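Observations on the three-dimensional arrangement
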Amino acid sequence: MDLDAGRDAAIGRPLSRRAEVNLTRRLRSWLSAWSGPEDDPVTTLVRTHRAVHSSADAATLRRGYAIAESAHRGQMRKSGDPYITHPLAVAQILAELGMDTITLVAALLHDTVEDTDYTLQALEDDFGPEVALLVDGVTKFDKVFYGADAEAETIRKMILAAGKDVRVLIIKLADRLHNMRTLDARSAKSRARIAGATLDVLVPLCDRLGVQALKRELEDAVLFHLEPEAYQHIDGHVRVHGGWVTYLSTVVGQARAALRRNKVAGDVVPRPRHYYSIWKDTVAGGYPEPYDPPRVVIVVDGPDTDCYAALGAVHGLWRPVAGRFKDFIASPKNNLYRSLHTTVIGPDDRSVEVLIRTEGMHRAAEYGIAVNFRFPKLAERDDRAAADQLAWLRRVLDWEQETPDPAQFLESLRCDLAETQIQVFCDGNAVVLPSGSTPVDLAYELGREVGDHCVAARINGRLAPLSSTLAEGDVVDIFATDDRPSEFDLDAEPPGPRREWLGFVKSPHAQMQINRFFAERQAPGMTIADKVRLGRAAIGLALRRHSRGLASDLPLRRLAEELGYPDLETMLVAVFDRKLAPDTVVEQLITLVDQRPE
Ligand code: MN
């Protein structure tokens, strides 16, 4: 494609649109030429972007749009709209989220490399390496070239790119959100597939990044396509509940007065649930009607401690429902969500949910990892939180190195994202683990060495098997040996993970570390003959410990046959691989020889 010609042409707009523009609008657009013509499709984008970042560079945005428009010209979406409407809408979603100019430019161009003649190199020359990295991160691998692995490889590439720049994931989420919003144009089959995949990987990814603003919309779009009847039912319910406007204003008024009486500065506003969240709680609780209790949020002006003062004010006003208080300030969720949650019996004996948080917590809850881009001046304060927020991503990148198989990587990612989490305490630190985790999972979370050498665990002061299931709030001690295999006791089981652990560990991280341990033992330079030799040596040592010896291989061959191995060599490799303990072999060998003397 001749890019220069394309760029010049792209500054104009499709003639059909232009023809519709009346003289008044054109005059107005000339008058406001400093911010671009009124009918220019980029104008809304620039305006939204500047509403958050007042000194943002509009010229780069316009250049990005011009190139994307010319590259996609002639392409149509399934809906029949010109293709460019899609990247423009994605950029608009990101502008509303408050992302920076680089992200918006990358969003405008995000499908060019995949779907047009515009190359990654041209993109880098035109817009620099940052934009190129972001676009490359969301560019799919070619199905024709990569075949069945294309999808898994694409997700892996995206995660790798996100390790360098997390904005890759935020663009991907906005891309999917717009695709979900325009899913109507697709066949029923692809609608279900895309909505299912969104719920499977992207919604949990969004949750981990803490971007509630996007997650709500994604979940509601999923519900709309996967459970259309439930969606309509909830929609009807929420509309009819106009009566709540009065009820909620009573709640808000009384709560505000209580804050004033208690000298807590802050505000109270209604906080309606989104449809998916109503649906989930309705299904989970088996309610015949949508479960949608009135909900308000209190945002205090002061420090964290003011949240507890506000809680005191609320509990002084209305009786709290036992067991419904949660302190996510003292124990933040794994995506660093922080708030106090309580349910109280409000006016007319109706239960009301109350969320209490500071302004900073409120911003973080809404924007998650995007908060640093939306509020760059606050970035310094939130840097540590953002780093913690990406701890899971670093862990995922760790397995990436351990997992050459893309399908297995995707499966582990899916598992990790799907897990509900528990928090346990070890050496005074809180550690977040997938629920159902065992002390071995914890040990590997503490480090590879601790995991490889753990031998025992104490849960809440009592010794417990390594396979025990940990519960929320458990205090756990891990005992690890730092023994190296002794030169004088070669036949002793060397320290290290046991294969049985693979049967009960829960976290993909622990699974991979255990697999890695065994894979590493099968050093690349080691041949089958080496393993046979070492397996034989291990048995020899075990025999000597029993003061026995073997004159020939015959008994070993018989035992191999008896244990179901195709030949002696396979059994010796099994011994080397620790699938079979040398002591077991020797004990059975002794029984065999003593029963049938040679
Ligand atoms: Mn796209």
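Scanning the chain from terminus to terminus reveals 31 helices and 11 strands. Across the 598 residues that make up the chain, the buried fraction comes to 47%. Long-range contacts, defined as pairs at least 24 residues apart, comprise 64% of the intrachain contacts of the chain with a sequence gap of at least 6. Only carbon and sulfur atoms are counted for the fraction: they give 53% of the accessible area of the chain, which is about 29600 Å².

Attention now goes to the confidence of the model for the chain. Within the chain, residue pLDDT values average 83, and 86% of them lie at 70 or more. Ranking the elements of the chain by mean pLDDT puts helix H1 (residues 3-11) last with 33 and helix H7 (residues 101-108) first with 97. Per-residue pLDDT stays below 50 along residues 26-37; that stretch engages in 12 contacts with residues further than four places along the chain or on separate chains.

Each protein donor to the manganese ion is listed here as His86 (NE2), His110 (NE2), Asp111 (OD) and Asp175 (OD); together their distances run 2.2 to 2.4 Å. Motif for the manganese ion, donor spacing along one chain: H-x23-H-D-x63-D. With a gap of 64 residues between them, aspartate 111 in the loop between H7 and helix H8 (112-115) and aspartate 175 in helix H13 (residues 167-181) connect regions that are remote in the sequence. Note on aspartate 175: relative accessible area 7%, which makes it buried.

Moving on to empty space enclosed by the protein. One pass over the structure, following the stated rule, counts one cavity of 30 Å³ or more. If you go around the largest cavity, the residues you meet are Arg395, Trp399, Asp416, Gln421, Val432, Leu433, Pro434, Glu445, Ser507, Pro508 and His509. When residues of the lining of the largest cavity are traced back to their parent elements, those giving at least two are helix H23 (391-402), strand E8 (429-434) and helix H27 (508-521). Broken down by element, the lining of the largest cavity gets its largest block of residues, three residues, from E8. Partitioned by chemical class, the residues of the lining of the largest cavity number five nonpolar, three polar and three charged.

What follows is about helix H15 (residues 212-226). The end-to-end C-alpha distance of H15 is 20 Å, a good match for the 21 Å that 15 residues give at a rise of 1.5 Å each. Burial of H15 is extensive: 11 of the 15 residues sit out of reach of the surface. Listing the buried residues of H15 in full gives Gln212, Ala213, Leu214, Lys215, Leu218, Glu219, Asp220, Ala221, Val222, Leu223 and His225. Where the residues of H15 are buried, they touch helix H6 (85-97), H13, helix H14 (188-209), helix H16 (228-240), helix H18 (275-285) and helix H20 (359-367).

On to the nonpolar core, then. Judged by nonpolar contacts, the single largest core of 78 residues is most densely connected at Leu45, Leu94, Leu97, Leu109 and Leu209. Taken together, domain 1 (6-226) and domain 2 (239-380) each give at least three residues to this core, which thus spans both. Each residue touching leucine 45, except ones within four places of it in the same chain, is listed here: Leu61, Leu88, Ala91, Gln92, Ala95, Leu104 and Leu108. One finds Trp244, Val251, Leu259 and Met361 within the second-largest nonpolar core, a separate group that totals 26 residues.

Turning to its location among the elements, leucine 133 is positioned in helix H10 (residues 129-138). Of the residues examined, leucine 133 reaches a relative accessible area of 25% and is grouped as partly exposed. Ignoring any residue separated from it by four or fewer positions in sequence, one finds leucine 133 in contact with Lys164, Asp165 and Val168.

Calculation criteria
- Residues numbered from 1 in each chain as written.
- Predicted model: local features only at pLDDT ≥ 70, side-chain atom pairs only at ≥ 80, totals over all residues.
- Heavy atoms only, no water.
- Helix = DSSP H or I, 4+ residues; strand = E, 2+ residues; numbered from the N terminus.
- Buried < 20%, exposed > 50% of the residue type's maximum accessible area, 1.4 Å probe, protein only.
- Contact = heavy atoms within 4.5 Å.
- Areas by Shrake-Rupley, 256 points an atom, 1.4 Å probe, with all protein chains shown as cover.
- pLDDT = per-residue confidence, 0-100.
- Donors = N, O, S within 2.8 Å, 3.2 Å for Na, K, Ca; no water.
- 1 Å grid on protein atoms, 1.4 Å probe; cavity = no way out; pocket = protein on both sides within 12 Å on 5 of 7 lines; lining within 4 Å.
- Points joined across faces, edges and corners; volume = space filled by probe spheres on them.
- Nonpolar A, V, L, I, M, F, W, Y, C, P; charged D, E, K, R; others polar.
- Expected span 1.5 Å × (residues − 1).
- Core = buried A, V, L, I, M, F, W, Y, C linked by side-chain atoms within 4.5 Å.
- Domains from an automatic or database assignment.

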